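# Structural features, examined
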Amino acid sequence: MVANLSDFGISKLLGEDESDLYTKTLATLGYIAPEYGLDGLVSTKCDVYSYGIMLMETFTRKNPSDEMFEGDLSLKKWVCCSLPEAIVDVVDANFMTPHDNHLNKKLNCVASIMKVALDCYVESLARRIDMKDIIGMLKKIKIQLLAC
């Protein structure tokens with residue numbers, strides 16, 4: 001239960017007056033936003049995409065290059081198919097204790113976090129949410145979790 005957080009920092013390539021730019025692709029496979037990997041287009045939304053993957057990885061303990069994700073199955077598809085009823089099937093077992101009186105409420109919070117992650121992990125740059133919106137959603141989920 002030790003959190004490890006990384007600064008993807010792709011948007012640091014942007015100057016103060018730039019909202020996007022084209023550059024050579026230098027990033028970790030599996031975490032690269034499509035527009036960055038294919039076209040070299042950098043924007044703050046690239047980091048949002050990577051953040052969504054990291055959220056899923058944190059709660060499932062699976063990374064996008066895990067051997068179970070072959071062929072048609074991906075981390076995104078696996079999580080998406082589990083929501084909301086089968087979230088218990090993808091959540092890391094270390095998050096759950098057998099005799100937790102609030103297990104269903106906690107699983108609902110994790111399902112909400114996974115929905116936020118999926119909103120980050122959108123292929124379309126135009127449809128991907130902003131980090132300010134993500135923070136707002138996560139704060140609401142935290143309030144629900146603390147009420148357990």
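Our subject is the structure listed above.
Residue numbers here run from 1 along each chain, matching the order of that chain's written sequence. Given that the model is predicted, a residue must reach a pLDDT of at least 70 before its local features are reported, and side-chain atom pairs must reach 80 or more before they are shown or counted; all residues, however, enter totals for whole chains, interfaces and linings. Side-chain numbers here rest on the full set of heavy atoms in the structure, without hydrogens or water.

The subject of this paragraph is the overall build of the protein. The way it works is that DSSP assigns letters per residue, a run of H or I at least four long becomes a helix, a run of E at least two long becomes a strand, and they are numbered from the N terminus. A tally of regular secondary structure across the protein gives five helices and two strands. Each helix and strand of the protein, ordered N terminal to C terminal, gives the series β-α-β-α-α-α-α. Partly exposed describes any residue whose relative accessible area lies between the buried limit of under 20% and the exposed limit of over 50%, with all areas from a 1.4 Å probe on protein chains only and scaled to the type maximum. Within the protein, the fraction of its 148 residues that count as buried is 39%. For the protein, contacts bridging at least 24 residues in sequence account for 54% of all contacts bridging at least 6. As presented, the protein carries roughly 9400 Å² of accessible surface, and 54% of it is formed by carbon and sulfur atoms. Residue contacts follow a heavy-atom distance rule, with two residues in contact if any of their heavy atoms lie within 4.5 Å. Calculation of accessible area relied on Shrake-Rupley with a 1.4 Å probe; when residues are assessed, cover is drawn exclusively from the protein chains displayed.

When the centres of two rings from Phe, Tyr and Trp lie within 6.5 Å, Trp using its six-membered ring, the rings pair. Their planes under 30 degrees apart give stacked, over 60 give edge-to-face, and anything left gives tilted. The tally for this structure, following the rule as stated, stands at three aromatic pairs. Summarising the aromatic geometry, the rings of Tyr 49 and Tyr 121 are spaced 5.0 Å apart at their centres and angled 85° between planes, so their arrangement reads as edge-to-face. With a gap of 72 residues between them, Tyr 49 in helix α2 (residues 44-60) and Tyr 121 in the loop between α4 (103-120) and α5 (131-146) connect regions that are remote in the sequence. According to the relative accessible area criterion, Tyr 49 is buried, its value standing at 5%. A ring is considered to have a charge above it if a Lys NZ or an Arg CZ atom is located within 6 Å of its centre and within 35 degrees of its normal. Seen from the ring of Tyr 121, Lys 76 lies directly overhead, with NZ or CZ sitting 5.3 Å from the centre.

Before going further, it helps to examine the environment of Lys 115. Along the chain, Lys 115 falls in helix α4. Sequence separation of Lys 115 and Gly 52 is 63 residues, and the distance between their C-alpha atoms is 9.4 Å.

This brings us to the pattern of salt bridges. Where charged atoms from two side chains of opposite charge come close, those side chains can pair. Definition used for salt bridges: Asp or Glu carboxyl oxygen within 4 Å of a side-chain nitrogen of Lys or Arg. Inspection of the entire model under this criterion finds five salt bridges. Of the charged contacts in the structure, one is a salt bridge between Arg 128 and Glu 35, with a shortest N-O distance of 2.8 Å. With Arg 128 in the loop between α4 and α5 and Glu 35 in helix α1 (residues 34-39), the pair connects residues that are 93 residues apart, well separated along the chain. Linking Lys 77 and Asp 72 is a salt bridge whose minimum nitrogen-to-oxygen distance equals 3.4 Å.

Let us now look at the nonpolar core. In this structure, Met 56, Leu 75, Ile 87 and Met 114 are the most contacted members of the largest nonpolar core, which totals 35 residues. Where this core is concerned, the elements lending two or more residues are α2, α3 (75-82), α4 and α5. With 10 residues, the single largest contributor to this core is α4. Filtering out sequence-adjacent residues up to four positions away, Leu 75 remains in contact with Ile 53, Met 56, Glu 57, Thr 60, Lys 62, Asn 63, Pro 64 and Phe 69. Here the nonpolar core consists of buried residues drawn from Ala, Val, Leu, Ile, Met, Phe, Trp, Tyr and Cys, with membership extended through side-chain atoms lying within 4.5 Å.

Orientation is described by lines fitted to C-alpha atoms, with helices fitted over the stretch in contact, and by angles between N-to-C directions that extend from 0 to 180 degrees. Their axes nearest at 11 Å, the elements α2 and α3 cross at an angle of 65°. With respect to their mutual orientation, α2 and α3 come out roughly perpendicular. The crossing of α2 and α3 is left-handed. Residues Ile 53, Met 56, Glu 57 and Thr 60 of α2 pack against Leu 75, Lys 76, Trp 78 and Val 79 of α3. Angular relationships are summarised with four words: roughly parallel below 35 degrees, roughly antiparallel beyond 145, roughly perpendicular across 65 to 115, and oblique for the angles in between. Each crossing gets its handedness from the near helix: less than a right angle anticlockwise from the far helix is left-handed, clockwise is right-handed.

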